[in-house]
Amino acid sequence: MINLSLPSPANLVPPPPKTLNPSRQKTPPTQTLKNPNFEHLKNRLIHQASVGHLRQAISTLDLMTQQGLTPDLFTYSVLLKSSIRTRQFHLGKLVHARLSESQLEPDSVSLNSLISLYSKNNDWVTANAIFENMGERRDVVSWSAMISCFSHNDMESKAISTFVKMLEFGEYPNQFGFAAVIWACSNAENAWIGDVIFGSVIKTGYFESDVCVGCALIEMFATGSGDFDSAKKVFDRMPDRNSVSWTLMITRYSQMGNRKEAVELFIDMVESGYMPDKFTFTSLVSACAELGLLSFGQQLHAQVVKYGLAFDVCVGCSLVDMYAKCAEDGSMVNSRKVFDLIPDHNVISWTSIITGCGQSGKHSKEAIELYCRMIEDQVLPNHFTFSSLFKACGNLSDPDTGEQIYAHVVKMGLAAVNCVGNALISMYARSGRMEDARKAFDILFEKNLVSYNTIVDGCTKNIDSNEAFGVFPQIEDTGFVLDSFTFASLLSGAASIGAVAKGEQIHARLLKAGFEPNQHIANTLVSMYSRCGNMEAALRVYSKMERLNVVSWTSIITGLAKHGFATRALEMFQEMLNAGIKPNEVTYIAVLSACSYVGMIDEGWKHFNSMYKEYGISPRMEHYACMVDLLGRSGFLEEAMQLINSMPFEADALVAEIRKTMKKKNLGKEAGSSWTEIENTVHKFHVGDTSHPQAEEIYKELDQLVTEIKEVGYVPDTSSVLQDVEDEQKEEFLLQHSEKIAVTFGLINTSKPKRITVFKNLRVCGDCHNAMKYISMVKEREIVLRDSNRFHHFKNGICSCNDYW
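Residues numbered from 1 in each chain as written. Predicted model: local features only at pLDDT ≥ 70, side-chain atom pairs only at ≥ 80, totals over all residues. Heavy atoms only, no water.

Here we take up the overall build of the protein chain. Of the regular secondary structure elements, the protein chain holds 42 helices and 6 strands. The C-alpha radius of gyration computed for the protein chain amounts to 36 Å, which surpasses the reference 28 Å derived for 805 residues by more than 25%, pointing to a less compact arrangement than a globule. Here the protein chain holds 805 residues, and the buried ones make up 48% of them. Once local pairs closer than 6 in sequence are excluded, the contacts in the protein chain between residues at least 24 apart make up 63%. Both charge centroids of the protein chain, one from 77 positive and one from 92 negative side chains, sit 5 Å from each other. (Helix = DSSP H or I, 4+ residues; strand = E, 2+ residues; numbered from the N terminus. Rg over C-alpha atoms; globule rule 2.2 N^0.38 Å. Buried < 20%, exposed > 50% of the residue type's maximum accessible area, 1.4 Å probe, protein only. Contact = heavy atoms within 4.5 Å. Lys, Arg positive; Asp, Glu negative; His and termini not counted. Charge placed at Lys NZ, Arg CZ, Asp CG, Glu CD.)

Here we take up the packing of helix α28 (residues 484–497) against helix α30 (residues 519–531). Following both chains from N to C, one finds α28 and α30 inclined at 10°, their axes separated by 8 Å at the closest point. Comparing the axis directions of α28 and α30 gives the class roughly parallel. Every residue of α30 that contacts α28 at S484, F487, A488, L491, S492, A494, A495 and S496 is listed here: H520, I521, T524, L525, M528 and R531. Split by residue class, the contact of α28 with α30 holds 8 nonpolar, 5 polar and 1 charged. (Axes fitted to C-alpha atoms, helices over the stretch in contact; angles between N-to-C directions. Parallel < 35°, antiparallel > 145°, perpendicular 65-115°, else oblique. Nonpolar A, V, L, I, M, F, W, Y, C, P; charged D, E, K, R; others polar.)

In this section: the environment of N453. Along the chain, the position of N453 falls in helix α26 (residues 449–461). Residue N453 is classed as buried on the basis of its relative accessible area, which comes to 3%. Not counting residues up to four positions away in its chain, the partners in contact with N453 are D483, F485, T486 and S489. A polar side-chain atom of N453 sits 3.1 Å from a polar atom in the side chain of D483. (Polar contact = N/O pair within 3.5 Å; in protein donor to acceptor, adjacent residues only side chain to side chain.)

Before going further, it helps to examine the pairing of strand β5 (residues 791–795). Burial analysis of β5 places 4 of its 5 residues in the buried class, which makes it a mostly covered element. One ladder, built from 4 bridges, connects strand β4 (residues 783–786) with β5; its direction is antiparallel. Paired with R786 across the strands is F791, a residue of β5. Here β5 pairs with strand β6 (residues 798–799) via 2 bridges, running antiparallel. Residue K795 lies in a different strand from β6, and its bridge partner there is I798. Where β5 folds back on β6, the antiparallel hairpin that results is connected by 2 residues, among which N796 adopts a positive phi of roughly 55°. (Pairing = 2+ DSSP bridges.)

Taken together, 6 strands build an open sheet; the order of strands is β2-β1-β3-β4-β5-β6 and the sheet is mixed. Across the chains shown, the open sheet's two edge strands, defined by having one partner strand only, are β2 (681–686) and β6. Of the pairings in the sheet, the one linking strand β1 (residues 673–678) to β2 comprises 6 bridges and is antiparallel in character. Its bridge partner lying in β2, E677 is registered against V682. Each of β4, β5 and β6 touches helix α42 (residues 766–778); the most contacted strand, β5, lies at about 35° to it.

What follows deals with the packing of aromatic side chains. Taken as a whole and judged by the stated rule, the model has 24 aromatic pairs. Through a chain of ring-to-ring contacts, the aromatic side chains of F266, F281, F296 and Y307 assemble into a single cluster. It is K447 that lies over the ring of F441; its NZ or CZ is 5.1 Å from the centre. (Phe/Tyr/Trp six-rings, centres within 6.5 Å; stacked < 30°, edge-to-face > 60°. Lys NZ or Arg CZ within 6 Å of the ring centre and 35° of its normal.)

Given a rise of 1.5 Å per residue, 14 residues ought to cover 20 Å, and the 20 Å separating the end C-alpha atoms of helix α11 (residues 191–204) matches this to within 8%. All buried positions along α11 are accounted for by A191, I193, G194, I197, F198, S200, V201 and T204. Residues of α11 that are buried in the fold lie against α9 (156–168), α10 (175–184) and α12 (211–225). G205 lies just past α11 and shows a positive phi near 90°. (Expected span 1.5 Å × (residues − 1).)

Another point: a negative patch on the surface. A contiguous patch of negative charge, built from E261, E264, D268 and E271, is present on the exposed surface. Relative to the elements of secondary structure, E264 occurs in helix α15 (residues 259–271). (Patch = residues over 30% accessible without salt bridge, like charges linked within 9 Å, V, L, I, M, F, W, Y side chains within 5 Å. Areas by Shrake-Rupley, 256 points an atom, 1.4 Å probe, with all protein chains shown as cover. Salt bridge = Lys/Arg side-chain N within 4 Å of Asp/Glu carboxyl O.)

Within β1, 6 of the 6 residues are buried, leaving the element largely enclosed by the surrounding structure. The turn linking β1 back onto β2 is made up of 2 residues, and E679 within it adopts a positive phi angle of 50°. With 2 bridges connecting them, β1 and strand β3 (residues 756–760) associate as antiparallel partners. Its bridge partner lying in β3, W675 is registered against F759.

On to the environment of N122. Inspection of the secondary structure assignment puts N122 in the loop between α6 (108–120) and α7 (124–133). Separated by 506 residues in the primary sequence, N122 and V628 have C-alpha atoms spaced 67 Å apart.

Let us look at the nonpolar core. Residues I182, I197, L217, F386, F390, I455 and I557 are the most contacted members of the largest nonpolar core, which totals 195 residues. Per-element tally for this core: the top contributor is α12, with 8 residues. Not counting residues up to four positions away in its chain, the partners in contact with I182 are I197, V201, V213, A216, L217 and M220. By size, the runner-up hydrophobic cluster in this structure holds 30 residues, among which are I698, Y699, I709 and I756. (Core = buried A, V, L, I, M, F, W, Y, C linked by side-chain atoms within 4.5 Å.)

Moving on, we get to the environment of D377. Its location among the elements puts D377 in the loop between α21 (364–376) and α22 (383–395). C-alpha separation for the pair D377 and N609, spaced 232 residues apart in sequence, amounts to 48 Å.

Before going further, it helps to spend a moment on the packing of helix α24 (residues 418–430) against helix α25 (residues 434–443). Interaxial distance between α24 and α25 falls to 7 Å at its minimum, and their mutual angle equals 170°. The angle between the axes of α24 and α25 places the two elements in the roughly antiparallel class. Regarding α24 and α25, the two cross each other, and that crossing is left-handed. Of the residues in α25, those in contact with L424, I425, Y428 and A429 of α24 are M434, D436, A437, A440 and F441. Of the residues contributing to the contact of α24 with α25, the split by class is 8 nonpolar, no polar and 1 charged. (Left-handed = near helix turned anticlockwise from the far one by under 90°.)

Another point: unusual backbone geometry. Residue P753 follows K752 across a cis peptide bond; omega there is 0°. On the secondary structure map, P753 appears in the loop between α41 (738–749) and β3. With phi around 70°, Q103 is a residue other than glycine that occupies positive phi space. Looking at the secondary structure, you find Q103 in the loop between α5 (89–101) and α6.

Taking 1.5 Å of rise per residue, 13 residues should cover 18 Å, and helix α29 (residues 500–512) covers 18 Å from first to last C-alpha, within 8% of that figure. Of all the positions in α29, only A501, K502, G503, I506, H507 and L510 are classed as buried. Taken from the residues just after α29, G514 is the one with a positive phi, measuring 80°.

Time to look at the state of the cysteines. What the rule picks out here adds up to 0 disulfides. Cysteine C419 remains unbridged, with the sulfur of C393 as its closest cysteine sulfur at 15 Å. (Disulfide = S-S within 2.5 Å.)

All right, on to the side chain of T554 then. Considering the arrangement of structural elements, one finds T554 in helix α32 (residues 550–562). Side-chain polar atoms of T554 contact the side chain of T587, separated by 2.7 Å.

Looking at the protein chain as a whole, its pLDDT mean stands at 85, while 91% of the residues score no less than 70. The low-confidence segment residues 1–33 (pLDDT under 50) makes 37 contacts with residues lying over four places distant or belonging to another chain. (pLDDT = per-residue confidence, 0-100.)

Below, the structure written as structure tokens:
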């Protein structure tokens, strides 16, 4: 660690100006100064350099030398500064070579310019060599230039130690030295050092007098400490704010997630009369993309055109991204218009449009087509391009195309890049090829937390939650700090298999780790508990949430609807509207499902008709399906057919697409199965299953159970048995249904008053539904059965669905 010992801020008094040693001052030859041709050529050179014509200026320098005239150090300094200003570093090196050939002894001014030249050209080695050879000729400008060199070449510790040496050398830091070292402290590791230096800055008066120091302090507090309050205080106390300082604050607010504050600050900036530049607009448009502020983003687009920045690549890319993310219908029309207006496409602009197409889902094929055009235009893709392409292939469930693209990845040497490997894992997982996903995960050279999160998420989405839970301890062994995505994926995995005990354990682990449930985690907890059959726990989590978004409301409404609490679900929906939260497509699926579950036809029509009229949401196939189900099960078959015929798409289109996907993945109709969780272990049963270790005990208990419920009125409904066999054998088939086996297993292995929760992958049959009512009555146990459609709560011989399912 650096031993930073600064002089007391009160003792930092500027020393008197240093006088140069007369013996070290060199005067050009008298005959050169009196030569009128020398002055003419020198003036011409200075003019050429000042207007940026550096090559012509160097030609003039060579002409002077050819005529026997000796250019002075001032001439060389002018040329060096011009090369730095125009960023023509290769010409600056040429000037350095001419200076070395001239036999002139460089002064501190020219040497400082050389340090800046090589520093800005990222050649810190040469810059440092020049600095070290200066000896006593080093002044405050030299030190500041070297500190800045180290700071901007990612050598923060070296920059800070050089600052300390400057103090030990007896040199008083100026605003440039302070600004450079503070920039070096703009990271978590060195922020504490920045706090120490900040004290000196305040005492010396540079804090409120120099905009460069102010901007450096803003960067240090915002990026280094994440302390936006202090950053804003610095900004507010700056007397001479300029467009750079405004843009810096706006950019950091946007990048660090404080996007609303960025938008508000931009409005203040414009009202204060400052002119935004391309960096301002890029940050603001990106903030609008994340906030979904399409209208404000369009206003910014108009300003971009007004300021003549419409053809800038960076601004254009941010607009492409904004229109892609904010289009409610997933349209890429506006994004394509902006993209097409960019005159010179590079890898960034191509990647932005490919990413936009890939993330919308509806334009994934277009993303791949654009990639082909990009290759034809001989623009080389980067790792971000490939990551977006793998996402597009995942959307399409097209790993074959993804593997062709992966061949390009390998050819370009990008296979070891984390984001590319993670995207490949996700593509395989989303395409249902978990074995390939696992192989891609295993061969990834350097895994990060995203890698582990991706494989866990893939496992949970492919109903392989046990595999996901197996990865969990591996993540902990690596030393990675689990984030919200990890916990959310594991909670989703518990929900997918109804493993409430595992879900509770994960909930406890995240609390024990001091991980306060954020909005995303809380929403996932609500969903997990409701999907696992524990609606009471879901409501408890929901009631403790301080902030609710559309996902929060939708999760609780969906849970209430699935559990048969339709009236409460609709009341929640009204509360959501009263709170000013705009519903989305998924919210309306939950609302219409609630109406369907209890046969609320008028309510269903009311909400179905309000979707587009009040919120501009066009009904999708799922919404029509809910209404058809509601009407059909309520006996209004003619109305159901009329609704089907009025749909803006063919009713068979979605069935055909599903069958096509199933065929592509070699999937068939899933066999009936049920499962239940006992003591943190999931036990799964199929029809007529005899593979379980307790099979003999289960069937013995089941025979006794059927006898008991028959005594109180149960009559087997053999009409659902399609086999042409005797009634006695039909009853035997009914006895072997997986949900009956699972419930019996639960009765054997648990005691009163514990509730038995069973999950079934298909819809419960009428006979099993009827049997569950009688079992709950004779055994005095609550039974919760989740089938493919909804939850059934059986208690005291009554089901929560009122036999309407």
